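# Observations on chain architecture
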Amino acid sequence: MEEFVASIEDFEAQTKDADRVQRETLEKILEENDETEYLKRFGLNGRRDEETFRKCVPLASHQDFQPYIQRIADGDYSPILAAKPFTTLSWSTGTTGGKPKLVPFNDALSRSFTRQWTTALAYAVREFLVEERMFIRFMYIASRQKAKGGADIGSATSNIFHLMQSQSRIGQESTGNLQSCSPKEVARARDYQQALYCHFLCGLLYFDQVQFLHAYFCHHLVGALRTFESFWEELCANLRQGVLSERVSDPIVRACVSKLIKPSPELADSIYRKCKVLQSKNWSGLIPELWPQAKYVGAILTGSMESYVGKLRHYAGDQLALVSWVYVASEGMIGINARPKSNVETVAYAVGPGNGYFEFIPVKRRVVEGDELQDSRDDELVNVEPEPVRLKEVIVGELYEVVITNFAGLYRYRLGDVVKVSGFYNSTPELQFVRRKGVVLNIRNDKTTESDLQLAMERASKLFLEEEKVDIVDFTSYCDLSTEPGYYVIFWELSDVPSREILQKCCNCLDQSFVDGAYVNSRKNGSIGALELRIVGRGTFTKVFEHYQSLGSTISQFKTPRCITSSNTLVLKILDDNVSARFFSSAYA
């Protein structure tokens, strides 16, 4: 696979001289865009060096860029953020006021994404000795909307797909001589459930050739495999008869998939027997059993995806590797996993120095209680925020907030991600994702972050739910301030219904797992009320996704919000309308 070899060689060369590549990348971005309205405000006067740029151009958040992006969406084609007009905007996976954020997108950003995806795949192919055969890619390309001014709006992945299609570059992301089991038309199905069904059907047709399974996010894979449990018998019937299910009504998808299948009773019987055994084992080891040649499973497994990793391991079995392949945001590709055999718990991403210009704001540490050293909270940084450091200046073991200047009109843009530098790959830092910046739950002086919430979920799940083979399908949280005192609310959707005794223990465990000093003290003195665990019915979080889909989110971009704000009344109503049981903590009684 010559293209994979070339991708690795290029990445190795860039990371061996990361500082030079960073300076050249910034110079290129400024050379193309220094006459834009945004940059002319800051008096660069044609200078493109790091020192001047960092001195003159301020750090900025999405809120700072939002008025400019809105003008672009409304049809202003003047050089506002970039020299060339934007004809495309992307939905970010983040939200503002419950709605997806818009960020600029262009061909330069598309090339960066596809180049790094290819490189990440190349490292995995090399490490796992992947043969030139087939793979299953759970990919969904949603249709795009039109902004008021005519720009196309879609997810970053759908924008890349449409851009390659318009330039006759479909498939050049690139997968070398590897081939997706599903025709490319499947990814564009109008209904992602139809696409999912066809991905599985095509994957079973080539069961003995599949080398790996890929999805964008871990929850896509877990959700897909959970759905497989409900329609595997129908898939077997399709294979036995050689006729595609009537559930696939999209005419284009139906036509292309129907060409692939023919009556295969032996294959259908074999899969049926395997699935009956898997069903008796709660589907443990599903992937290697059905796709025995698979070398690994790849998806983004870090950050908010960590809560789904346990279930993915259940499906993958002990012998199949899980690979978290990229660190990516809608604003740009950050890095790739150049050590794909590393454990999920320790995975780090080598920053691609040519993907954009990167800076890192130190997140200070302080003593919270006694001698215990903890990360400082974002709004408790000492008086003046530390100055960002350059790529080459980061220190191993320290925490930083990521800042990016990209090829699509965002300059010194604060991503809101907090990362830890775990080491260096050649001369570029390797980053471990720690959490999103900021607090998700706060009633008084308590400050609970997304990673705090994730740890609480893991502790409760490990201690109690595994005893009854019950999984947390999805979860979110909320601060209920409608009464005094206010209190935390956790919403859980479960794969089955455990005993009330177990759920009460889980509720107490959750409450005790929030160890922020202010939270513990407030619980003890009663200024924060008892945590409430609300169990919602199956399919509730699908309804939440459908709500966000109506606002513009797509399956390839969507991540369940880990905290619902009081202003997001529609999502809270969906959750509350589906509550089947409530439990209040007695941990501090």
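Everything numeric here is computed off the predicted structure, so don't read it as measured data.

### A word on the nonpolar core
Core analysis: the biggest nonpolar cluster contains 145 residues, and Phe-138, Phe-200, Phe-228, Leu-286, Ile-287 and Trp-291 have the highest contact counts within it. Once residues lying within four places of it in the same chain are set aside, the contact partners of Phe-228 are Phe-200, Leu-204, Leu-235, Cys-275, Trp-283, Leu-286 and Leu-290. Among the nonpolar cores identified, the runner-up in size contains 29 residues, and Ile-490, Cys-507, Ile-528 and Ala-581 belong to it.

### Re helix 2 (residues 18–33)
Look at helix 2: 22 Å from first C-alpha to last across 16 residues, which is about the 22 Å you get at 1.5 Å a residue. Ala-18, Val-21, Gln-22, Thr-25, Leu-26, Ile-29, Leu-30 and Asn-33 are the residues of helix 2 that are buried. Viewed end-on, helix 2 has its buried residues packed into an arc of 165°, placing them on one side of the element. Where the residues of helix 2 are buried, they touch helix 1 (2–16), helix 3 (37–40), helix 4 (50–56), strand 13 (357–362), strand 17 (399–405) and strand 19 (428–436).

### Quick word on the pattern of salt bridges
Across all of its chains, the model carries 34 salt bridges by this definition. Residues Arg-48 and Asp-34 are paired through a salt bridge, measuring 3.1 Å at the closest nitrogen-oxygen approach. Taken together, the residues Arg-48 in the loop between helix 3 and helix 4 and Asp-34 in the loop between helix 2 and helix 3 connect sequence positions 14 residues apart. For Arg-48, a relative accessible area of 30% translates into the label partly exposed. Across the pair Arg-523 and Asp-511 runs a salt bridge whose closest N-O atoms are separated by 2.7 Å. Highlighted residues: Arg-523 in helix 17 (residues 517–525) and Asp-511 in helix 16 (residues 500–513), separated in sequence by 12 residues.

### Some remarks on the pairing of strand 10 (residues 326–329)
Two faces, one strand: in a regular strand the side chains alternate between the faces of the sheet. Burial along strand 10 is two-sided: Val-326 and Val-328 facing one way and Tyr-327 and Ala-329 facing the other are all buried. As defined by bridge partners, strand 10 adjoins strand 11 (residues 332–336) across 4 bridges and the pair is classed as antiparallel. Opposite Ala-329, over in strand 11, you have Gly-332 as the bridge partner. Linking strand 10 back to strand 11 in an antiparallel pair, the connection comprises 2 residues.

### Points about the confidence of the model for the chain
Reading predicted coordinates in detail is not appropriate for stretches of low pLDDT. Per-residue pLDDT for the chain has a mean of 87; in total, 90% of the residues score no lower than 70. Long-range and interchain partners of residues 168–173, a stretch whose pLDDT sits below 50, account for 13 contacts in this model, where long-range means more than four residues apart.

### Notes on the sheet that holds strand 21 (residues 487–494)
Pairing is mixed across the open sheet formed by 4 strands, whose spatial order is 20-21-22-23. Each having just a single partner strand, strand 20 (472–480) and strand 23 (579–584) make up the two edges of the open sheet. Averaged over all pairs of adjacent strands, the angle between their axes in this sheet comes to 20°, without regard to strand direction. Bridge count for strand 21 against strand 22 (residues 532–536) is 5 bridges, and the pairing is parallel. Bridge pairing in strand 22 places Trp-492 opposite Ile-535.

### Some details on the sheet that holds strand 8 (residues 296–300)
If you trace the 5 strands from one edge of the open sheet to the other, you get 6-3-7-8-9, paired in parallel fashion. Both outer strands of the open sheet, strand 6 (179–180) and strand 9 (321–323), are each paired with one neighbouring strand and no more. Where helix 9 (residues 192–205) meets the sheet, its contacts fall on strand 3 (134–138) and strand 7 (210–217), and the angle it forms with strand 3 comes to roughly 170°.

### Remarks on the side chain of Gln-22
Along the chain, Gln-22 falls in helix 2. Residues within four places of Gln-22 in sequence aside, it is in contact with Pro-353, Gly-356, Tyr-357, Phe-358 and Leu-391.

### Some details on the packing of helix 18 (residues 540–550) against helix 19 (residues 569–577)
Packing of helix 18 against helix 19 leaves a shortest axis separation of 9 Å and a crossing angle of 160°. Taken together, helix 18 and helix 19 sit at an angle that is classed as roughly antiparallel. In the packing of helix 18 onto helix 19, the handedness of the crossing is right-handed. Listed contacts from helix 19 to Thr-540, Phe-541, Lys-543, Val-544, His-547 and Tyr-548 of helix 18 are Leu-570, Val-571, Ile-574 and Leu-575. Taken together, the residues that form the contact of helix 18 with helix 19 break down as 7 nonpolar, 2 polar and 1 charged.

### Looking at unusual backbone geometry
Omega for the peptide link from Glu-484 to Pro-485 comes to 0°, which places this bond in the cis form. Counting through the fold element by element, Pro-485 comes out in the loop between strand 20 and strand 21. Even without being a glycine, Asn-45 presents a positive backbone phi close to 55°. Look at Leu-129: it is not a glycine, yet its phi comes out positive at around 55°.

### Let's talk about the packing of aromatic side chains
Applying the stated criterion to the full structure yields 33 aromatic pairs. When the centroid spacing of 4.9 Å and the interplanar angle of 15° are considered together, the rings of Phe-135 and Phe-212 count as stacked. Of the two residues, Phe-135 is situated in strand 3 and Phe-212 in strand 7; the sequence distance between them amounts to 77 residues. Here Phe-212 falls in the buried class, since its relative accessible area comes to 0%. Within the aromatic cluster, the residues linked to one another by ring pairs are Phe-138, Tyr-197, Phe-200, Phe-228, Phe-231, Trp-232, Tyr-272, Trp-283 and Trp-291. In this structure, Lys-311 is placed above the aromatic ring of Tyr-315, and the distance from its NZ or CZ to the ring centre is 5.0 Å. Residue placement shows Lys-341 over the ring face of Phe-128; its charged tip is 5.7 Å from the ring centre.

### Notes on helix 17
All buried positions along helix 17 are accounted for by Gly-517, Tyr-519, Val-520, Ser-522 and Arg-523. Trailing helix 17 by a residue or two, Gly-526 shows a phi angle of about 85°, which is positive.

### Remarks on the side chain of Lys-311
Note that Lys-311 resides in helix 14 (residues 306–316). On the accessibility criterion, Lys-311 (9% relative accessible area) is buried. Among the polar contacts listed, one links the side chain of Lys-311 to the side chain of Asp-471, at a separation of 2.5 Å.

### Description of the pairing of strand 20
Burial within strand 20 is extensive, with 9 of its 9 residues counted as buried. Two successive antiparallel strands, strand 20 and strand 21, enclose a turn made up of 6 residues.

About the thresholds
Residues numbered from 1 in each chain as written. Predicted model: local features only at pLDDT ≥ 70, side-chain atom pairs only at ≥ 80, totals over all residues. Heavy atoms only, no water. Core = buried A, V, L, I, M, F, W, Y, C linked by side-chain atoms within 4.5 Å. Buried < 20%, exposed > 50% of the residue type's maximum accessible area, 1.4 Å probe, protein only. Contact = heavy atoms within 4.5 Å. Helix = DSSP H or I, 4+ residues; strand = E, 2+ residues; numbered from the N terminus. Expected span 1.5 Å × (residues − 1). Arc of directions from axis to C-beta. Salt bridge = Lys/Arg side-chain N within 4 Å of Asp/Glu carboxyl O. Pairing = 2+ DSSP bridges. pLDDT = per-residue confidence, 0-100. Axes fitted to C-alpha atoms, helices over the stretch in contact; angles between N-to-C directions. Parallel < 35°, antiparallel > 145°, perpendicular 65-115°, else oblique. Left-handed = near helix turned anticlockwise from the far one by under 90°. Nonpolar A, V, L, I, M, F, W, Y, C, P; charged D, E, K, R; others polar. Phe/Tyr/Trp six-rings, centres within 6.5 Å; stacked < 30°, edge-to-face > 60°. Lys NZ or Arg CZ within 6 Å of the ring centre and 35° of its normal. Polar contact = N/O pair within 3.5 Å; in protein donor to acceptor, adjacent residues only side chain to side chain.

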